[in-house]
Amino acid sequence: MLSDDQIGFFKTQGYLIIQGAMDPTRCARVRDLMWQALPPTADLRREDAATHIGPFTEADESTDSRHVRQGQRWLNRFLGVNPEVIDLIYSESICAMAQQLLGGTLRQAVSDGMPMGSYGPAWPGGPVDPALGNQGARGVYCTLPYGNVPRTPDQCHTDGHPFQLGVVGLIDDCPSEGGAFKVWPGSHRLLYPTFRLRYDQPRIPVYPHLPKLTGIVHSPAYLEALAQLDQESVPVECWGSAGDIVFWHHRLAHMAGHNYSADIRQAVLADFWTDALDELRARPVDVDMWQDWSPAVQRSDGSYPDALARHQRLP
Ligand SMILES: [Fe+2]
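This text gives an overview of the structure that appears in the document. (Residues numbered from 1 in each chain as written. Predicted model: local features only at pLDDT ≥ 70, side-chain atom pairs only at ≥ 80, totals over all residues.)

1. As for the overall build of the chain
Link 1 in the chain: A count of helices and strands for the chain gives nine helices and ten strands.
Link 2 in the chain: A compact globule built from 315 residues would reach a C-alpha radius of gyration of about 20 Å, and the chain, at 19 Å, matches this within 12%.
Link 3 in the chain: In terms of overall dimensions, the chain has C-alpha extents of about 55 × 50 × 40 Å along its principal axes.
Link 4 in the chain: Counting every position in the chain, which comprises 315 residues, the buried fraction comes to 42%.
Link 5 in the chain: Excluding contacts between residues fewer than 6 apart, the proportion of contacts in the chain whose partners are at least 24 apart in sequence is 83%. (Helix = DSSP H or I, 4+ residues; strand = E, 2+ residues; numbered from the N terminus. Rg over C-alpha atoms; globule rule 2.2 N^0.38 Å. Buried ≥ 20, exposed ≤ 12 C-beta atoms within 10 Å, placed from the backbone. Contact = placed C-beta atoms within 7 Å.)

Here it is, written out as structure tokens:
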């Protein structure tokens, strides 16, 4: 269970790394499932590390939004409803910690239910909506090593779909600069008031002959704040060992890290929300941003000891 210090850290910084939250044997089993899902004739071969360097070969590419293999990204969303993956990321202990943060009644994932991506992208050429027709986790998301390429700057974003608490769990060891999830500490407090809606955002139709607006409208304040984070703030990289997880607040700026290592970054991504989300998502933001969270989070003064900040790699 989470300590008061950990709850305070999450409230102030918007993320919380928990080492060893998932069983390593079960993580290994999910890695097996990932490899087993590749076509038997794939150029990408588990036993040959030289083939792990991205991008995917043309023969290995897949645009099926339930099992994407494109560029450096390998996203198996079918596995998001696999019972073993659900037992791993929605385990009793992880759900208990999420419950400590969110309070209320957590939405329950459905084993063998409908995976994310079943309806394709949210709009033509757009991203897949993690909240649409998804009865489980988002899935197992891998990033192939980039190989010998010039480095590019970090660029953060927030997720547009309604949920309240995200989790990323490493199912394999991931070194620094190895594609781990990156978070911008404290950015949830900066960004929250720049939205119109508490846990959602307005969308607009996409018209092929009017291509400038693509689905989501952001406020100028949001865009300014995001640019400021990119220019002035140092993200925390959630590298670690198989079994480590990071919880992150819905409005926290984040990105999938660039993978400059020789190993494939393998993680399971999932969302949490309570049965009040439908009631809460369109409410305004001019309130205490924690009023929908657990009494423990509301009571917390957001303080934590220096040792915890160092443990959480706070710059
Ligand atoms: Fe994201």
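2. Some points on helix α1 (residues 4–13)
Link 1 in the chain: Most of α1 sits inside the fold, with seven of its ten residues counted as buried.
Link 2 in the chain: Among all positions of α1, only Q6, I7, G8, F9, F10, K11 and Q13 are buried.
Link 3 in the chain: Of the surrounding secondary structure, the elements contacted by the buried residues of α1 are β1 (15–18), α4 (92–102), β8 (245–249), α8 (295–299) and α9 (306–311).
Link 4 in the chain: Just downstream of α1 lies G14, where phi reads positive at about 85 degrees.

3. Some points on the pairing of strand β4 (residues 139–143)
Link 1 in the chain: Among the five residues of β4, five are classified as buried, and the element is accordingly described as predominantly covered.
Link 2 in the chain: The pairing of β4 with strand β10 (residues 265–272) spans five bridges and is antiparallel. Residue pairing for β10: Y141 is matched across the bridge by A267. (Pairing = 2+ DSSP bridges.)

4. A word on the sheet that holds strand β9 (residues 254–256)
Link 1 in the chain: Pairing in this open sheet of three strands is antiparallel, and the strands run β7-β6-β9 from one edge to the other. Among the strands making up the open sheet, the edge pair consists of β7 (236–237) and β9.
Link 2 in the chain: By the bridge criterion, three bridges tie strand β6 (residues 181–183) to β9 in an arrangement that is antiparallel. Looking across to β9, one finds that K182 is bridged to M255.

5. Here we look at the nonpolar core
Link 1 in the chain: By size, the foremost hydrophobic cluster in this structure holds 70 residues, and its most contacted members are I89, V246, F247 and V268.
Link 2 in the chain: Once residues lying within four places of it in the same chain are set aside, the contact partners of V246 are Y15, L16, I17, V168, F181 and C238. (Core = buried A, V, L, I, M, F, W, Y, C linked by C-beta atoms within 7 Å.)

6. Describing the environment of I94
Link 1 in the chain: Among the structural elements, I94 can be located in helix α4.
Link 2 in the chain: On a C-alpha basis, the gap between I94 and I245 in space is 9.1 Å, while along the polypeptide they are 151 residues apart.
Link 3 in the chain: Sequence-distant contacts of I94, that is, excluding residues within four places in its chain, are made with A21, I89, V167 and I245.

7. Re the pairing of strand β3 (residues 73–76)
Side-chain direction in a regular strand flips from residue to residue, so the side chains alternate between the two faces of the sheet.
Link 1 in the chain: One ladder, built from four bridges, connects strand β2 (residues 67–70) with β3; its direction is antiparallel. Residue pairing across strands places R69 opposite W74, the latter belonging to β3.
Link 2 in the chain: Hairpin connection from β2 to β3: two residues lie between these consecutive antiparallel strands, with G71 at a positive phi of about 60 degrees.
Link 3 in the chain: Where β3 and β4 come together, four bridges link them in antiparallel fashion. Each bridged residue has a counterpart across the sheet, and for R73 the counterpart in β4 is T143.

8. Here's the deal with unusual backbone geometry
Link 1 in the chain: Cis rather than trans, the peptide bond between G54 and P55 has omega equal to -5 degrees.
Link 2 in the chain: Structurally, P55 is set in the loop between α2 (24–36) and β2.
Link 3 in the chain: For D112, which is not glycine, the phi dihedral falls at a positive 60 degrees.
Link 4 in the chain: Mapped onto the fold, D112 is located in the loop between α4 and β4.
Link 5 in the chain: Accessibility expressed as a C-beta count within 10 Å gives 11 for D112, which makes it exposed.
Link 6 in the chain: The backbone of E177 shows a phi angle near 65 degrees, a positive value even though the residue is not glycine.
Link 7 in the chain: The residue E177 is located in the loop between β5 (165–170) and β6 in this model.
Link 8 in the chain: Overall, E177 belongs to the partly exposed group, with 14 C-beta atoms counted inside 10 Å.

9. Observations concerning the sheet that holds β10
Link 1 in the chain: If you trace the seven strands from one edge of the open sheet to the other, you get β1-β8-β5-β10-β4-β3-β2, paired in antiparallel fashion. Of all strands in the sheet, those with a lone pairing partner are β1 and β2, marking the two edges. The mean inter-strand angle of the sheet, taken between neighbouring strand axes irrespective of direction, is 20 degrees.
Link 2 in the chain: Sitting on the sheet, α4 touches β1, β5, β8 and β10, and the angle it makes with β5 is about 150 degrees. (Axes fitted to C-alpha atoms, helices over the stretch in contact; angles between N-to-C directions.)

10. Points about the environment of W293
Link 1 in the chain: Within the secondary structure layout, W293 lies in the loop between α7 (277–280) and α8.
Link 2 in the chain: Classification of W293 as buried rests on a count of 23 C-beta atoms within 10 Å.
Link 3 in the chain: Here the alpha-carbon distance between W293 and L102, two residues 191 residues apart in the chain, equals 4.6 Å.
Link 4 in the chain: Among all residues touching W293, those that are not within four sequence positions of it are L101, L102, G103 and Q298.

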